[in-house]
Amino acid sequence: MNWVAWKMLNGDRAKYMGAVFGVAFGTLLIAQQTSIFVGLMRRTANQILDVLQAEIWVMDPKVENADEIKPLAETDLYRVRGVEGVDWAVRLYKGQARVRVAGGNFRQVILMGLDDDSLVGAPILMKQGTISDLRITDGIIIDRAGYEYLWPGEEPRLGKIVDMNDRRAVVVGICESAAPFQTFPVLFTRYSRALEYVPPERNRLSFVLAQPKPGYSTQQVCDAIEEKTDLLALSRGQFMWRTVGYFMRTTGIPINFGITVALGFVVGTAIAGQTFYLFILENLRQFGALKAMGLSNGRLVVMVLIQAMVVGLVGFGIGMGMTATFFEATKNITNLRGMHVPWWVALGTAGAITVIIFFASLLSIRRVIVLEPAVVFRG
Amino acid sequence: MIASAAVAVSCRQVVKDFGDGDSRLRVLHGIDLDVLEGEMTLLVGPSGCGKTTLISIIADLLDPTAGEIDLFGTRQSRLPRTKRIQFRARHIGFVFQQYNLLPALTAHENVAVPLLINGWRRSQALEKAHLLINEVGLESRARNFPSQLSGGQQQRVAIARALVHGPKLLVCDEPTAALDATTGQVVMELIRRVAVQPGRAVIVVTHDSRVFSFGDRIARMDDGRIVDVQEVEPALAAPHEPRS
């Protein structure tokens, strides 16, 4: 009878496609909006995630995210180095500077000042130049998207000169960098040079990056640093979640995206549910005939569930296809770079669609169960 | 009461009420009726007299308020619900006034449905359905959908569907009501020819007096009661299809 269920569904193409596209658009709204939300939230922590060479971030205990930093004293670096279990610890400057290009245009940039000796925190993927070129006098590395912002329409090339805090800087490398939350270019330079590119402050050490010795766990060393220095020491993942959590709590982004995702859920349920229910209603007489002919309620429910499952699977497939096509089509747009559908968003969307299909078929199943088979004898 | 042939369906003091309290309506008032194997029994009477309610109860689609129904010696009320559904699937065939064919299935797929309900494999069910489609003279229309068939053709498909699993009881509800007179005659001839067999009872509900001649026995109902059961006089027999 499963075959009959499939034929019944497929026989009414208009309703079948209506229900399928209800699910498909529900899927598209849920998956696409959730993915963009996840991508945006990830951007708040991308500069943390891009630093792969160090496991531990040490900061002032009041720091809540990677963009609002209370600088540490230089002595804090040495205190961290003195903690048992710390293999090495280096400076990192992270702040904002104003870049002026030839012609007088200027832009705000994210400035990353890397430890002069080790260059820990340097970008992983270089498009032009090398990381060691940072040792060239006035050398900076800029991310590809930032280059496009500063010099729109120009082919990326090295040797471009900019001005920060009346100091000259030369582009010696172009890298790929994960997009920041604000669409600012990301510039990398040496720590000592970075301090010259920003106005003076008493303390300017943003973070201490540290690595645990072999045999020590990250958490163990974080705990030891906190105990010995009264500073906040977090693993890369912990700092990422602290930053993401801050933006989740203090901005309207989750609410706005949450509303859209909820709308996707409601619209998907409404369209799929209504169309599917109409489909069942119009076939009620046929279901009654099948019931009269001896088909049990259990098997009728299985038939309805199979129909609902087919609608759900096909709709989910089309919806995810549309979502994937969107991200594939926009992957080269600078503003949307790095956005994609994480596997767990796809899985979560599948869960949401299952719930939609459950609700959509619930009313229909009830109608079929309470249906009197004697209805077939009414003219 | 008839005792000469085996009794297929026995109704004793069957009562059916609809509604509760003040709105209670008694539709059947203590029906006694025997339907014999190998015969076609016509259940006739004016609209609203309770014919459809009675065949719904006989076919176990409705429960009686009181009274007992025996189908081929089995008292339905004593069977558990699942067994009753199985009994219906195996031993009862239905022909409906509105055909009730599944619009998404072809004629020959529609005929296979009762076999699928009884757990047959699809290929075997379709093979058997083909034989029945041939028997009702629709082999050239086997792959047509119901919407591509005339009313008479659809009713012939419905008859094939009702008989494909070899039921012991065939219940036909106004099978000619939606058809013109000529097609109605053809359909009744077909039911007479392919359905009436030893070991099978056929009940046809109708108020179309032009088809009375196809029956072996006529049970007249009025106001929820059987008022008369008569054998059809051989002189009234349809001239175009002699009864056995």
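All values reported here derive from a predicted model rather than from experimental measurement. (Residues numbered from 1 in each chain as written. Chains lettered and ligands numbered in written order. Predicted model: local features only at pLDDT ≥ 70, side-chain atom pairs only at ≥ 80, totals over all residues. Heavy atoms only, no water.)

## Let's talk about the interface of chain A and chain B
At step 1: If you look at the interface, chain A gives 23 residues, while chain B gives 28 residues.
At step 2: Carbon and sulfur atoms make up 71% of the surface buried where chain A meets chain B, a total of about 2400 Å² over both sides.
At step 3: Applying the counting criterion to the chain A and chain B interface returns one salt bridge.
At step 4: Among the ionic pairs, lysine 7 of chain A bridges to glutamate 109 of chain B, the shortest N-O distance being 3.3 Å.
At step 5: Counting every contact that joins chain A to chain B gives seven residue pairs in polar contact (both at pLDDT 80 or more). (Contact = heavy atoms within 4.5 Å. Buried area = accessible area lost by both parts, 1.4 Å probe. Salt bridge = Lys/Arg side-chain N within 4 Å of Asp/Glu carboxyl O. Polar contact = N/O pair within 3.5 Å; in protein donor to acceptor, adjacent residues only side chain to side chain.)

## A word on the packing of aromatic side chains
At step 1: Under the counting rule described, the total for this entry stands at eleven aromatic pairs over all chains.
At step 2: Residues phenylalanine 37 of chain A and phenylalanine 257 of chain A carry aromatic rings whose centres are separated by 5.8 Å and whose planes lie at 40 degrees to one another, so their mutual orientation is tilted. Here phenylalanine 37 of chain A is found in helix H2 (residues 13-43), whereas its partner phenylalanine 257 of chain A is found in helix H9 (residues 253-282), with 220 residues between them in sequence.
At step 3: A relative accessible area of 16% places phenylalanine 37 of chain A in the buried class.
At step 4: Note on phenylalanine 257 of chain A: relative accessible area 15%, which makes it buried.
At step 5: A network of ring pairs unites the aromatic residues Trp57, Phe207 and Phe239 of chain A as a single cluster.
At step 6: The ring of tyrosine 149 of chain A has arginine 107 of chain A sitting right over it, with the charged end atom 4.7 Å from the ring centre.
At step 7: Over the aromatic face of phenylalanine 72 of chain B sits the side chain of lysine 168 of chain B, whose NZ or CZ is 5.2 Å from the ring centroid. (Phe/Tyr/Trp six-rings, centres within 6.5 Å; stacked < 30°, edge-to-face > 60°. Helix = DSSP H or I, 4+ residues; strand = E, 2+ residues; numbered from the N terminus. Buried < 20%, exposed > 50% of the residue type's maximum accessible area, 1.4 Å probe, protein only. Lys NZ or Arg CZ within 6 Å of the ring centre and 35° of its normal.)

## Here's the deal with the environment of serine 364 of chain A
All names here are of chain A.
At step 1: Position of serine 364 relative to the elements: it lies in helix H12 (residues 343-370).
At step 2: Separated by 86 residues in the primary sequence, serine 364 and leucine 278 place their C-alpha atoms 8.6 Å from one another.
At step 3: Residue contacts for serine 364: discarding those within four places in its chain leaves Phe276, Tyr277, Ile280 and Val304.

## A closer look at the sheet that holds strand E1 (residues 7-18) of chain B
Residues and elements named next belong to chain B.
At step 1: On the basis of which strands lie adjacent, the open sheet formed by four strands has the order E2-E1-E4-E5 and antiparallel pairing. The open sheet has two free edges, formed respectively by strand E2 (25-36) and strand E5 (74-75), since each of these has just one partner strand.
At step 2: Sheet topology places strand E4 (residues 66-71) next to E5; two bridges connect them, and they run antiparallel. Residue pairing for E5: leucine 71 is matched across the bridge by threonine 74. (Pairing = 2+ DSSP bridges.)

## Here we look at the sheet that holds strand E6 (residues 92-95) of chain B
All names here are of chain B.
At step 1: Pairing is mixed in the open sheet, where six strands are placed in the order E6-E7-E8-E3-E9-E10. Strands with a single pairing partner mark the edges of an open sheet, and in this sheet they are E6 and strand E10 (225-231). The average undirected angle you get between the axes of adjacent strands in this sheet is 20 degrees.
At step 2: Summarising the sheet, strand E3 (residues 40-44) and strand E8 (residues 201-206) pair through five bridges and their orientation is parallel. Within the sheet, the bridge partner assigned to leucine 43 lies in E8 and is valine 205.
At step 3: Relative to the sheet, helix H5 (residues 151-163) contacts E6 and strand E7 (169-173), its axis offset from that of E6 by approximately 175 degrees. (Axes fitted to C-alpha atoms, helices over the stretch in contact; angles between N-to-C directions.)

## Some points on the domain arrangement of chain A
Residues and elements named next belong to chain A.
At step 1: By domain assignment, chain A separates into domain 1 (2-43 + 252-377) and domain 2 (73-230).
At step 2: Relative to domain 2, the C-alpha centre of domain 1 lies at a distance of 48 Å.
At step 3: Counting from both sides, the interface comprises six residues of domain 1 and, opposite them, nine residues of domain 2.
At step 4: For the pair domain 1 and domain 2, the two sides together bury roughly 730 Å², of which 52% comes from carbon and sulfur.
At step 5: Ranking the residues of domain 1 by area buried against domain 2 places Arg43, Thr334 and Arg337 at the top, with a combined share of 76%.
At step 6: Taken together, domain 1 and domain 2 are joined by one salt bridge.
At step 7: Salt-bridge contacts for aspartate 143 lead to arginine 337; the nearest nitrogen and oxygen are separated by 3.5 Å.
At step 8: Summed over the shared surface of domain 1 and domain 2, the number is two residue pairs in polar contact (both at pLDDT 80 or more).
At step 9: For the side of domain 1 that touches domain 2, the residue count by class is two nonpolar, two polar and two charged. (Domains from an automatic or database assignment. Nonpolar A, V, L, I, M, F, W, Y, C, P; charged D, E, K, R; others polar.)

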